[in-house]
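# Summary of structural features
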Amino acid sequence: MLVLERKEILRREGRILLRVRAEAAVSAEAGDRAQEHFLREFPPRAGTTAALYCARAGEVPTERIRDAYLAAGARLYYPRVTGMRTLAFYPHREGDGWETGPYGIPEPSIPAGVAPRSSGWDIIVIPGLAFDRRGNRLGHGYGYYDRFLGDLQESVPRVGLAWASQRIPEVPVDAWDVPVHALVTEEGVIRVVKTSGSPEP
């Protein structure tokens, strides 16, 4: 089976799981645990430059991470769809407005005279439909994050945020797919594992 076909099957399964979570009374406690694990492993600090996102219905929420980072004096940036498979990240602080993007996800309003940030990141938090133990990530299939991540330095921490149920044995990958360095779920933090089976340092 081709990589494209395998991805589409997994995407359909992943979207069904998200819909089920969105329609059910998903435990707020589980979402809080995931965010607490994230904050312990990647604590906010004044001056930190972080890319975050607004969670879709059914995804692990990100509000507690946002609140903690802003309270610590970190600089938060959120994505806007700005073109064909292109994301641009704009600053968003307490009290700033939101606009609804083309996929129904809240996006930051563009402040007058403010250009999007493209470099100088300290951490990137990334959503996904599925992840595996090597950090491979399955997105929604539009390529926005892969294009953005492909331009980053390898040293910038890329962290996936998902439910434990979104971990699968293997995510099929193409040459342009960019893995994460760590995955955070309600069960804890999983560091990427090399092909040899040993954890990454």
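The notes below deal with the structure included here. (Residues numbered from 1 in each chain as written. Predicted model: local features only at pLDDT ≥ 70, side-chain atom pairs only at ≥ 80, totals over all residues. Heavy atoms only, no water.)

## Considering helix α1 (residues 3-23)
Defined as follows: By the criteria applied, helices consist of DSSP H or I runs no shorter than four residues and strands consist of E runs no shorter than two, each listed in order from the N terminus. A helix is expected to reach a length of 1.5 Å times the quantity of its residues less one. Burial classification: accessible surface area is computed with a 1.4 Å probe over protein chains only, and a residue below 20% of its type maximum counts as buried, one above 50% as exposed, and the rest as partly exposed. Summarising the geometry, the arc corresponds to the directions from the helix axis toward the C-beta atoms. In this analysis, two residues are considered to be in contact whenever any of their non-hydrogen atoms come within 4.5 Å of each other.
With 21 residues, α1 extends 30 Å from end C-alpha to end C-alpha; this agrees with the ideal 30 Å at 1.5 Å per step. The complete set of buried residues in α1 reads Lys-7, Leu-10, Arg-11, Gly-14 and Leu-18. Buried positions in α1, seen along its axis, are confined to an arc of 115° and lie on one side of it. Along its buried surface, α1 packs onto β8 (137-138).

## Observations concerning the sheet that holds strand β6 (residues 123-126)
Here is the rule: For two strands to pair, DSSP has to find at least two bridges joining them. Under this scheme, a helix contributes an axis fitted over its contacting stretch, all axes are lines through C-alpha atoms, and angles between N-to-C directions fall in the 0 to 180 degree range.
The mixed open sheet is built from seven strands, whose spatial order is β3-β2-β1-β6-β9-β10-β11. Of all the strands in the sheet, just β3 (86-91) and β11 (188-191) have a single pairing partner and so form its edges. In this sheet, adjacent strand axes meet at a mean angle of 30° when their direction is disregarded. As defined by bridge partners, strand β10 (residues 182-185) adjoins β11 across four bridges and the pair is classed as antiparallel. Residue pairing in the sheet places Ala-182 in a bridge with Arg-191 of β11.

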